Structure formats: structure tokens, C-alpha cells
Amino acid sequence: MWRTYNEGGTLAYSFTDSVVAMHPYYIARAIGGLLFLIGAAIAVLFTAALVIALRRAHALAEGLAIVGFGMAPTILQIGMGHPIWMADRYLYVPLVGVALMLSWIVRRHRAFAVCVAGVAIVLAMVSSRRLDVWQDSVSLWRDTISRSSQLYYVHGKLADAELMRSNVDSAMLHYERALELEPGWHTGRGALARLKAGSGDISAARALIEDLEATASDVWLERTRRDRATTWAILGDLDRATTMFKEHLLDNSHDATTWNDYGVALYRKGEGDAATLA
């Protein structure tokens, strides 16, 4: 509604109407902010509890409990045969327990302080070797693929990251690999069709998009609507493309890129006035 125009070319809704329509989103934002504050308060209480625990004899047991509970999600994934059995983020919470146990040991046995310092230095060196992996999304997902090359969504994530850096050829390569591993991943099929069309491989793009529309469920068709619209626009089916763009914008009115593509498609159809408004 924010970009709806009347016949005179002015906005159909006033600023007040827009604010009223946004009211539910403001409530959702307020709830999200409240949850953030609650999380911060829990973090403060958790830190205070750790400090208190260091002064008690059973701090070692509490540290072990934190490690156990922190690693539980990973243990469950291993039990289900999940190929990714290690990830840096899985260690964030367990390391709190490790720090608690080491602090307790040092407080009770000063001789272990040198050993703890040595462990800290080793961990710092290991972390420094991971800096090249953590530098951006592309390097992170490439490292993940080296450990879990048979997961389609890992290839999909790398393709998305490569596309953000305009590495179209590499993105298409990983989308294709992801679809080899999981032919039913229609989001990747839609993205690959759009890239194929943009790179001039018209026959491949048409085959991909027609296969997607013939086999995907309504849910997948909705999720891939923008990619399908862009592909059909490149392929020259402007009526189908503008219809899809319009449907997509009904639910995503703030998508500036789609508004631009919609305007270009309208202009190519010869609807210059409508294209200007879009």
C-alpha cells in the first residue's frame, strides 16, 4: 500500500494510514526488543552465577554440567547421523563450562596455573589459524564443504555467497552440484534458471524453469516466484513475468529490486506510464 497511486498520480494512502497499517509490525519489533533485553538480563545473571560458583566446592561439577548441556544438541545430531559433526558455534556455550572448571582448578591448585596458561596459548594459536576461514561467508562455506561435501544446502549456501560477490560462474557450479544431491530443492532450481537466463544459456534456463513449475508444490512456487518472474522476463514472456512480479510485490512491497525489475518489464511491454510509477 505504501506505493499505491491513484488516477491522479499521487499516493492513495496518507502517512497516517501507513502508520496504522504498520502498527502490528511495531508491536512485533517491541516484542523482539523485549526478548533481547530479557536475554541480556539472563546473561548478566548467568555471569553472576558463575562468579558465585567459583567460590563453592562443586564448581567443577557445575562446569561439567555446562559442557554436557552445551554439547547436547551436537550429540543428538551425531546420533541421527548428521554429517556435520563439528562446528565452531557448537563450542561457545561448552567453553563457558571449561573456563569455569579451569578457574576452579587454578584457585585450588596454583601449580596448575602454568598448565592452564599453556592450554590458553594453544587454543589462541588454533584460533589464529581459523582467521582465514572466518574472514567472509565464501571462505567459511568453502571450509564447510571440505568437511561436508555431500550436503546440498552447504553447496547452496556457498552459491548464495559467491553470488553476493558477483562470482556467477562459481555460483552456478554449486547450484548445479546442490541439485545433483537434492533434485527436489526448487529454490536452487529457480536461482539457477535465473542465472542461466542472465548468462545467455536460454535453453537450459527454459528447461529448468519449466521443470520447476511442472513439479513444484504451491509452497515452492510461491518461494521461487521472484526468480521465476526474472527468468521469464529475460526469456521474453513479459505477460507472465509482470504477473508474477505483481503477485510478489503484494507480499513484499519494500523489495526495491523487484520494483525495478517490474518497471523494466512493464517498459518493455510498452506500458511506459505504469513503468514510471513502479
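As the structure is a computational prediction, the values presented were derived from the model and not from experiment.

1. Concerning the overall build of the protein
For the protein, the count of helices and strands is 15 helices and zero strands. The 278 residues of the protein split such that 31% are buried. Residue pairs at least 24 apart in sequence account for 44% of intrachain contacts in the protein once pairs closer than 6 positions are excluded. Here the protein displays about 17500 Å² of accessible surface, and carbon together with sulfur accounts for 63% of that area.

2. Observations concerning the packing of aromatic side chains
Within this structure, the stated rule accounts for five aromatic pairs. For the pair Tyr 175 and Trp 185, a centre-to-centre distance of 6.1 Å together with 35° between the ring planes defines the contact as tilted. Of this pair, Tyr 175 sits in helix α8 (residues 168-181) while Trp 185 sits in the loop between α8 and α9 (186-198); the two residues are ten residues apart in sequence, bridging distant segments of the chain. The burial state of Tyr 175 is the same as that of Trp 185; both residues are buried. Between Phe 245 and Tyr 262, the ring centres sit 6.4 Å apart and the planes meet at 50°, which makes this aromatic pair tilted. Remark: Tyr 262 occurs in helix α14 (residues 256-268) and Phe 245 occurs in helix α13 (residues 238-251); sequence separation between them is 17 residues.

3. A closer look at the confidence of the model for the protein
Averaged over the protein, the pLDDT score is 81; the fraction of residues at 70 or greater is 83%. Mean pLDDT across the elements of the protein ranges from a minimum in helix α15 (residues 272-277), with 59, to a maximum in α8, with 93. Across residues 79-86 the pLDDT falls below 50, and counting only partners more than four positions away or on other chains, this stretch makes twelve contacts in the model.

4. Quick word on helix α12 (residues 225-235)
Of all eleven residues that make up α12, ten are buried, and the element is covered over most of its length. Those residues of α12 lying buried are Arg 225, Arg 226, Asp 227, Arg 228, Ala 229, Thr 230, Thr 231, Trp 232, Ala 233 and Leu 235. Residues of α12 that are buried sit in contact with α9, α10 (202-215), α11 (218-223), α13 and α14. Looking one or two residues past α12, Gly 236 carries a phi angle of roughly 100°, positive in sign.

5. Description of the packing of α10 against α12
Between α10 and α12, the least distance of the axes is 11 Å, while the angle of their chain directions is 140°. In terms of orientation, α10 and α12 fall into the oblique class. Crossing handedness for the pair α10 and α12: left-handed. Across the interface between the two elements, Ile 202, Ala 205, Arg 206, Ile 209, Glu 210, Leu 212 and Glu 213 from α10 touch Arg 228, Thr 231, Trp 232 and Leu 235 from α12.

6. Remarks on unusual backbone geometry
Most peptide bonds take the trans form, and the phi angle of most residues other than glycine is negative. A positive phi angle, close to 65°, is found at Ser 166, a residue other than glycine. Tracing the chain through its elements places Ser 166 in the loop between α7 (152-164) and α8.

7. Here we look at the side chain of His 174
Position of His 174 relative to the elements: it lies in helix α8. Owing to a relative accessible area of 14%, His 174 belongs among the buried residues under this scheme. Among the polar contacts listed, one links the side chain of His 174 to the side chain of His 155, at a separation of 3.2 Å. Ignoring anything within four residues of it in the chain, the contact list for His 174 reads Ile 145, His 155, Leu 158 and Ala 159.

8. Focus on the pattern of salt bridges
A full pass over the atoms with the stated rule returns 17 salt bridges. When the shortest N-O distance is used, the salt bridge between Asp 261 and Arg 226 registers 3.0 Å. Here Arg 226 lies in helix α12 and Asp 261 lies in helix α14, a separation of 35 residues in the sequence. Each of Glu 213, Arg 228, Asp 237 and Arg 240 takes part in a single network of salt bridges with overlapping partners.

9. What about the nonpolar core?
In this structure, Tyr 175, Leu 192, Trp 232, Phe 245 and Tyr 262 are the most contacted members of the largest nonpolar core, which totals 28 residues. For this core, the secondary structure elements donating two or more residues are α8, α9, α10, α12, α13 and α14. Residues Val 138, Leu 151, Val 154 and Leu 158 belong to the second largest nonpolar core, which totals six residues.

About the criteria used
- Residues numbered from 1 in each chain as written.
- Predicted model: local features only at pLDDT ≥ 70, side-chain atom pairs only at ≥ 80, totals over all residues.
- Heavy atoms only, no water.
- Helix = DSSP H or I, 4+ residues; strand = E, 2+ residues; numbered from the N terminus.
- Buried < 20%, exposed > 50% of the residue type's maximum accessible area, 1.4 Å probe, protein only.
- Contact = heavy atoms within 4.5 Å.
- Areas by Shrake-Rupley, 256 points an atom, 1.4 Å probe, with all protein chains shown as cover.
- Phe/Tyr/Trp six-rings, centres within 6.5 Å; stacked < 30°, edge-to-face > 60°.
- pLDDT = per-residue confidence, 0-100.
- Axes fitted to C-alpha atoms, helices over the stretch in contact; angles between N-to-C directions.
- Parallel < 35°, antiparallel > 145°, perpendicular 65-115°, else oblique.
- Left-handed = near helix turned anticlockwise from the far one by under 90°.
- Polar contact = N/O pair within 3.5 Å; in protein donor to acceptor, adjacent residues only side chain to side chain.
- Salt bridge = Lys/Arg side-chain N within 4 Å of Asp/Glu carboxyl O.
- Core = buried A, V, L, I, M, F, W, Y, C linked by side-chain atoms within 4.5 Å.

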